[in-house]
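Inside the fold
Below, each chain spelled out in residue letters.
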Amino acid sequence: MKRLEVAKNKCNFTYDGKPFFYLADTIWSAFTNVSMEEWKYYLHVRKTQGFNVLQINTLPQWDRCMTDVGIYPFATEDGQRFDFSCRDDTYYERAKEMCRMAKEEGFQLALVVLWLNYVPGTWGSKIVDTNIMPEEMLQEYAGKIVKEFDEFAPIYIVSGDTDFEEKVTVDYYEIILSTLCEKSPDSLKAMHIRRGYDYIPEQFLDWLDFYMFQSGHNAGAQDMAYKLPESFLKKYPRKPIINAEPCYEQMGYSRKKYGRFGQRDVRKAAWDSLLSGACAGVTYGAHGIWNWKKTGSETNPVLGEGFDEAQSWETALQFPGAWDYGLAKHLLEDMGELPLTGCNQLLEGADEEIRMAEGEYHYFIYLPYNTNIQIKKSLRSHICRALDLQEKRMADVRMSNRNGNTFVEMHPFKDDVLLMIRKDDSYCGATC
């Protein structure tokens, strides 16, 4: 089976020799919470919206909603505490059937191997320490994951939401990662790390094929969507970068602060990341999908949901932000604009929330609020258009040149826009 690969430019991915924009949906709880009939419908909807990757936890997600499926990878009396010495292969057979269905629909699978609550020393296992996996079974467990899932040519996400503040945590993940590299040398591997975090232990860098960061769900720190990819570019060897967990649509603000992220918030997080160095793709999340909330389902008794209550999965599947993410994928792929290189240094006196990047044929500027733009470069032969990201309308925008700089006038729309400045008047699109 063909595998996703890192492009020669070390910024993006290719699949079967063609550019591949990683557009993932977050459905951590799929294997434990989603019925087969629900799964079939879910796959159809997300495929229609343009998604091509599914991020799934191979173990029960610690902060998922309670499930009526009742199948777990290890023996359990309450669905919360597991006997790691007693494995249930029924779980893996069912999970593999879900993987087959996803592959038939054209999805790539990004499978988390060991979420932070199963590992000692992490911030999560310090809150809930009932399911620490014994160190002596890590090698066997990682081998089991490869044995069961490698036929689907997945991406292996080694960690989930983790930090690396203690040596024991690093030791655990070193065993998992080294085993994955030995058993599945050709698969892509990355680590999903905690919100606002940009530290990866040095000994892991050569084993990882790309970087994941998490701008997350803290309402007061949404600037992480552009600050973290800039940090990764400065600190680490060049590899593709993905915002693997931006704010989720209709997720309550973290730390139980009153408020929820809406369509515009999740759209902004995507463009902030894509134009700031994380151009390999982006991950979407809907509150109610990642944790698979069913109407009337019980609250998780061990942890409880760390955010305000989710809508049902049926409602969450229809949140409009998913279409915005699909539009970003289609726009950049169809225009042949991968990779993108952040170039905020060309903006004169602009707020840092305005993000600018250069592609092969266009400059792109994400403009969250309407204002004039000054670019420290003469763009005399260029044409500027504004894409209204809320209403999906397009407008021509005036530009003028003064003393070697380019001035871009305000656009006619009231919401956030993507300014697309075409470099060459003769360009007629990637399909010409």
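The residue numbers shown here count from 1 along each chain, following its written sequence. Under the rules for a predicted model, residues below a pLDDT of 70 receive no local features and side-chain atom pairs below 80 are neither given nor counted, while totals for whole chains, interfaces and linings still include all residues. Calculated side-chain values reflect all of the structure's heavy atoms, with hydrogen atoms and water omitted.

**Points about the nonpolar core**
Side-chain atoms within 4.5 Å link the members of a nonpolar core, which is a set of buried Ala, Val, Leu, Ile, Met, Phe, Trp, Tyr and Cys residues. Think of it in three bands: with a 1.4 Å probe and only protein chains considered, a residue is buried below 20% of the maximum accessible area for its type, exposed above 50%, and partly exposed in between. Residues Trp39 and Leu114 are the most contacted members of the largest nonpolar core, which totals 129 residues. Counting 20 residues, the second largest nonpolar core, distinct from the first, contains Cys384, Ala395, Val397 and Val417.

**Observations regarding the pattern of salt bridges**
Salt bridges are defined as contacts in which a side-chain nitrogen from Lys or Arg sits within 4 Å of a carboxyl oxygen from Asp or Glu. Under the criterion given, the structure shown has 32 salt bridges. In this structure, the salt-bridge partner of glutamate 230 is arginine 355, at a minimum N-O distance of 2.4 Å. Note that glutamate 230 is positioned in helix H6 (residues 224-235) and arginine 355 in strand E15 (residues 355-358), a separation of 125 residues in sequence. Accessibility expressed as a relative area gives 30% for glutamate 230, which makes it partly exposed. Arginine 355 sits in the buried class, given a relative accessible area of 3%. Going along the chain from the N terminus, every DSSP run of H or I of four or more residues is numbered as a helix, and every run of E of two or more is numbered as a strand.

**Side note on the sheet that holds strand E17 (residues 373-375)**
Taking strand neighbours across the sheet as the criterion, the three strands line up as E17-E21-E20 in an open arrangement whose pairing is antiparallel. Strands at the two margins of the open sheet, each flanked by one partner only, are E17 and strand E20 (399-402). Between one strand axis and the next, the sheet turns by 25 degrees as a mean value, whatever way the strands run. As paired strands, E17 and strand E21 (residues 405-408) are joined by three bridges and run antiparallel to one another. The partner of isoleucine 373 across the bridge, within E21, is valine 408. Here a strand pair is declared whenever DSSP counts at least two bridges between the two strands. A fitted line through C-alpha atoms serves as each axis, taken over the contacting stretch for helices, and the angle formed by two N-to-C directions is quoted from 0 to 180°.

**Concerning empty space enclosed by the protein**
Points on a 1 Å grid, built from protein atoms alone, make a cavity when a 1.4 Å probe fits but cannot get out and make a pocket when they are open with protein on both sides within 12 Å along at least 5 of 7 lines; residues with an atom within 4 Å of a point are the lining residues. Grid points are joined across faces, edges and corners, and a volume is the space filled by probe spheres set on the points. Using the criterion set out here, one finds two cavities of 30 Å³ or more in the structure. Taken as a whole, the second largest cavity encloses approximately 30 Å³ of empty space. Every residue lining the second largest cavity is listed: Arg3, Leu4, Gln108, Ala153, Pro154, Ile155, Ser187 and Leu188.

**A word on the layout of surface pockets**
Taken as a whole, the largest pocket spans an internal volume of roughly 610 Å³. In terms of lining, the largest pocket is formed by 23 residues, of which the most central are Trp123, Asp161, His217, Ser254 and Phe307.

**Examining the side chain of threonine 406**
Among the secondary structure elements, threonine 406 is positioned in strand E21. Threonine 406 sits in the buried class, given a relative accessible area of 0%. What qualifies as a polar contact is a pair of N or O atoms within 3.5 Å, subject to a donor-acceptor requirement within protein and to the restriction that residues adjacent in sequence count only when both atoms come from side chains. A distance of 3.0 Å separates a polar atom in the side chain of threonine 406 from a polar atom in the side chain of asparagine 401. Note on definitions: a residue-residue contact is assigned when non-hydrogen atoms from the two residues lie within 4.5 Å. Beyond its immediate stretch of four places on either side in the chain, threonine 406 contacts Ile373, Gln374, Ile375, Lys377, Ser378, Leu379, Met399, Ser400 and Asn401.

**Side note on the environment of leucine 418**
Relative to the elements of secondary structure, leucine 418 occurs in strand E22 (residues 417-422). Separated by 28 residues in sequence, leucine 418 and glutamine 390 have C-alpha atoms that sit 10 Å apart. When near neighbours in sequence (up to four residues on either side) are disregarded, leucine 418 contacts Trp271, Leu275, Leu331, Phe364, Ile365, Tyr366, Arg385, Ala386, Leu387 and Leu389.

**Thoughts on the packing of aromatic side chains**
Each pair of aromatic rings taken from Phe, Tyr and Trp, with Trp reduced to its six-membered ring, is defined by centres within 6.5 Å and is described as stacked if the planes are under 30 degrees apart, edge-to-face if over 60, and tilted in the remaining cases. For the structure shown, the criterion picks out 30 aromatic pairs. With a centroid separation of 5.0 Å and an interplanar angle of 75 degrees, the aromatic rings of phenylalanine 74 and phenylalanine 84 are classed as edge-to-face. Placement of the pair is phenylalanine 74 in strand E6 (residues 74-75) and phenylalanine 84 in strand E7 (residues 83-87), with a sequence separation of 10 residues. Among the residues examined, phenylalanine 84 registers a relative accessible area of 10% and is labelled buried.

**Some remarks on the sheet that holds strand E14 (residues 341-342)**
Read from one edge to the other, the open sheet built from six strands follows the order E14-E15-E16-E22-E18-E19, with strand pairing classed as antiparallel. The open sheet has two free edges, formed respectively by E14 and strand E19 (393-397), since each of these has just one partner strand.

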